[in-house]
Every structure is written in structure tokens, then in C-alpha cells.
Amino acid sequence: MPDQFFTDIYRDTEHLTWAPTEQVREHGRRRTRRTRIVATLAGVVAVAVVATGAVALAGGREGAPTPVLPATGSPTPTPTPSATPTPSPTPSTRNTPGAPPSSPSTTSGSPSNGSTSPAIPAEALLRASDLPRGFRAAGSDLDGDWSFNFAASNACADTPTLSAKERAERGAVFGKPDASSVIERVRRYSLNGAKATIAWARTVTECEPRDEYSSLSIADSGFAGDGSLLIRFDGSGLISYTLFVRQGDLVAEVWLGSLTNKTEARRLAQRAADRLCAGTDAC
């Protein structure tokens, strides 16, 4: 049995006269053109309203220009400029009631003796003119084993460890054709670390000897700067000396090589102490 819905449709449309296909298409095209014209007019009106409002806000006396309608298509509406709100100033902490006062800005820490930088200036090191006649500057290459640590490791069965940590180091080397080199190492510590370095060097001289052929001993002390030591190293009959001089947080370690004259060592120690003052305001 046919569905009642389709039966009703057939009955209602049985005697209708349908328009030709071309006529239906023309009707659709006219409707599309009307829709485009309405949209174009709406866009033009919107632009005119915005332009008129802008002129009024600017205080212009001339009226808004008469818009020209485009032939086809809808114009792209001009975006309305949006006013950028002025941000309210952020309240300062110091102006806020009940807020704690702001702390002053801090700077990086400086060495204990008041120096402004851990770097060691060249002026804090010995010059060739400070040494006996004939010595010449030979650069700053500190590679090699000519150091107090090396001498101590050969003389002592167990070398005490230095706990102080250096902040900077700088060196100078001097040479002479008929003599061994003189090597200076200047190191910066904290003030307490510099004092501990001198105390450590003294302790090392009291170590248990490695064998009967090597020994360390203090040849002189307390003759320059804030602290000084002249240490003698005897390695199987080969004698050398190491000089320690402290000024503030700087410590100079000078391997004297063949310079075994105590008077000359004292004079050089005083020159080293004077030079160290260029790197610290402790003197």
C-alpha cells in the first residue's frame, strides 16, 4: 500500500504547471545580483559612517566625501583604528604602604684585602732589574717542575696538602746564560688563605724525609712583607732555594735556582714585597 505522505504530494501537484528550466535559471541569477548589490551598499554605508566619525573626532569642518560606488564586488572595509589604552603605572614597592624598603643593589665580592679584582697586575711581579746583573726576562711560561710542590714531593715521604684555594695566578721567568732560571709565581688567595699558605710552607719543612739524600729546611724567615720564608732544598747534594713573601692576600713564590747567597735572597725578597703592593692595598 503506498505511503500516505507521497499520495498527498501527488494529489496536490498533479495539475501544477512548471516554469521552463531557462526561466528558473534567470530568476536565480537576478536574485544573486540583488544580493551582491545589497552587500555592496551595506559596505559603503559602513565606510561612510567610519569616515564621517573620524572627521568629526578630528574637528574637521568639511563633510565626509561622497563615496563612489564600485562597479562590481564589495569593497574591503577599512579597519577601525582601536585606541591603545595607556597602561597604569606599576606601583613602586617603596611607595606601597606597609611594604619593606627596597634593598640597595649588590656588587660582586672583592678579595678580603679590599682589592677590586682577583686578577693580578703585571706590576705586582718582579722585573729583570730587580735581579742580579745579567738576568733577562724570559716570558711567563710556568710549565715544568721548578716549584716548591715539586721539591717537597721529592723530599717528603708524605707532603701536607694546602687547603687554601687560589683565586688567581700570574708568573714571570728570568734567565741568565751562566745560571739557572729564576721563576716567580704570584697567587691571590683570601687573606686567611694567604696566611695559611705561609704556615703550610713552614709545615712542609717539618715533614718526614723520603730518604737520607733529600731534605727541606728553613734558612731564614720574617725578613720581608707581611710574612716571608727562605727554604733550602737539598736533593742528593744539589742545593736550591725557594722564597715565599706575602703582602695581604698575595703570596709570591720565587724559585731562586743557583742564587744561594742569603744576602742577595733577602734583597730580592724585599723587592718582591714592594712589587706585590701594586696588586693589593694591604700595604
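This text goes with the structure placed above it.
So, how was this worked out
Residues numbered from 1 in each chain as written. Predicted model: local features only at pLDDT ≥ 70, side-chain atom pairs only at ≥ 80, totals over all residues. Heavy atoms only, no water. Helix = DSSP H or I, 4+ residues; strand = E, 2+ residues; numbered from the N terminus. Contact = heavy atoms within 4.5 Å. Axes fitted to C-alpha atoms, helices over the stretch in contact; angles between N-to-C directions. Parallel < 35°, antiparallel > 145°, perpendicular 65-115°, else oblique. Left-handed = near helix turned anticlockwise from the far one by under 90°. Buried < 20%, exposed > 50% of the residue type's maximum accessible area, 1.4 Å probe, protein only. Core = buried A, V, L, I, M, F, W, Y, C linked by side-chain atoms within 4.5 Å. Pairing = 2+ DSSP bridges.

**Thoughts on the environment of alanine 194**
- Take alanine 194: it is sitting in helix H4 (residues 191-204).
- Sequence spacing of alanine 194 and glycine 248 is 54 residues, and the spatial spacing of their C-alpha atoms is 7.3 Å.
- With near-sequence residues (within four places) excluded, alanine 194 lies in contact with Tyr189, Arg246, Gly248, Asp249, Leu250 and Val251.

**Notes on the packing of helix H3 (residues 148-155) against H4**
- Contact geometry of H3 with H4 gives a least axis separation of 11 Å together with a crossing angle of 30°. Comparing the axis directions of H3 and H4 gives the class roughly parallel. Pair H3 / H4 crosses with left-handed handedness. Residue-level inspection shows Phe148, Asn149 and Ala152 of H3 in contact with H4, the latter providing Trp200, Ala201 and Val204.

**Some words on the side chain of serine 147**
- Considering the arrangement of structural elements, one finds serine 147 in the loop between strand S1 (136-137) and H3.
- Looking at serine 147, the relative accessible area reads 17%, which means it is buried.
- If we ignore the near neighbours within four places in the chain, the residues touching serine 147 are Arg185 and Glu253.

**Looking at the nonpolar core**
- Ranked by size, the top nonpolar core spans 28 residues in total, and within it Leu243 and Leu256 carry the most contacts.
- At the level of elements, strand S2 (168-176), strand S3 (179-188), strand S6 (238-247), strand S7 (250-257) and helix H5 (262-276) are the ones that each hand at least two residues to this core.
- The greatest single-element share of this core, amounting to six residues, is contributed by H5.
- Setting aside chain neighbours within four positions, we find leucine 243 in contact with Phe223, Leu229, Leu230, Ala252, Glu253, Val254, Leu256, Ala265, Leu268 and Ala269.
- Formed by 19 residues, the second largest nonpolar core is a distinct cluster that contains Ala152, Ala155, Ala194 and Leu229.

**Some thoughts on the pairing of S6**
- Judged by how many residues are buried, S6 sits mostly within the fold: eight of ten residues are covered.
- When strand S5 (residues 227-235) meets S6, the two strands line up antiparallel, connected through nine bridges. Its bridge partner being in S6, leucine 229 is matched across the sheet by phenylalanine 244.
- Connecting S5 to the antiparallel partner S6 that follows it, the hairpin turn spans two residues, and serine 236 within it adopts a positive phi of roughly 55°.
- Where S6 and S7 come together, seven bridges link them in antiparallel fashion. Looking at S7, one finds that threonine 242 is bridged to tryptophan 255.
- The antiparallel pairing of S6 with S7 creates a hairpin that spans two residues between the two strands, and glycine 248 there sits at a positive phi of about 60°.

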